[in-house]
Amino acid sequence: MFRLGVVDSPAQGHEAYRGRLAIPYLTPAGPVALNFRCIRQHDCKAVNCRKYLKPEGEEGHLYNVAALKADSDFLVVTEGEIDTISWTMAGVPAVGLSGVKAWKPHFRLALDDFPIIYSAADADDAGKGLTSLLVREVGARPIRYERGMDGNDTWLSGGAGALRGLISG
Ligand SMILES: [Zn+2]
């Protein structure tokens, strides 16, 4: 569904992404951007590796715009692609923003069809910044993960019910 892949034979200019997970930003018109996630067996921070690499100029896209067509009273906005995939697997319509800088004012219109928008960002400073922005821009309701967890951690530990439980309360 998300057409994930691993970069084996990089396109010209994409050599730096070899061995990374390729995450396309799919739209009805085809992919509009890519993000490349490190999948090596190490702690990226500890070895000074950038967990995510994007080609220049590919900021400013919503991930998983297909969810905007969902027949739902609510939409979850996550911080990043993997969490978006986790929420989607849990049967919850979700889009992702890779941080505050990815926000564009016209996204407000894109989210307008949903009476309730939840912000499901991480509990760190970057995540708090994203939630503040979503509260201000679209009146989002913050979702709080358990301490130290993100959406994918929650999915891995408790499955769909653990994620869905965060929005039913
Ligand atoms: Zn890494």
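Residues numbered from 1 in each chain as written. Predicted model: local features only at pLDDT ≥ 70, side-chain atom pairs only at ≥ 80, totals over all residues. Heavy atoms only, no water.

Colleague: Before we move on, could you go through the confidence of the model for the protein and cite the residues and values that matter?
Modeller: When the pLDDT values of the protein are averaged, the result is 94; 99% of them are 70 or greater. Strand β4 (residues 52-53) is the least confidently modelled element of the protein, averaging 93 in pLDDT, while strand β1 (residues 5-6) averages 98, the highest of any element. (pLDDT = per-residue confidence, 0-100. Helix = DSSP H or I, 4+ residues; strand = E, 2+ residues; numbered from the N terminus.)

Colleague: Lay out the coordination of the zinc ion in plain terms, naming residues and giving numbers.
Modeller: Protein-derived ligands of the zinc ion are Cys38 (SG), His42 (NE2), Cys44 (SG) and Cys49 (SG), with the metal-ligand distances lying across 2.1 to 2.3 Å. Bound by four donor atoms, the zinc ion shows angles of 101 to 115° at the metal and therefore tetrahedral coordination geometry. On the primary sequence, the residues serving as donors to the zinc ion are separated as C-x3-H-x1-C-x4-C. In this pair, Cys38 is assigned in the loop between β3 (30-37) and β4 and Cys49 in the loop between β3 and β4, connecting sequence segments 11 residues apart. On the basis of relative accessibility, which here comes to 4%, the residue Cys38 falls in the buried class. (Donors = N, O, S within 2.8 Å, 3.2 Å for Na, K, Ca; no water. Tetrahedral: all angles 85-135°; square planar, octahedral: opposite > 155°, others 65-115°. Buried < 20%, exposed > 50% of the residue type's maximum accessible area, 1.4 Å probe, protein only.)

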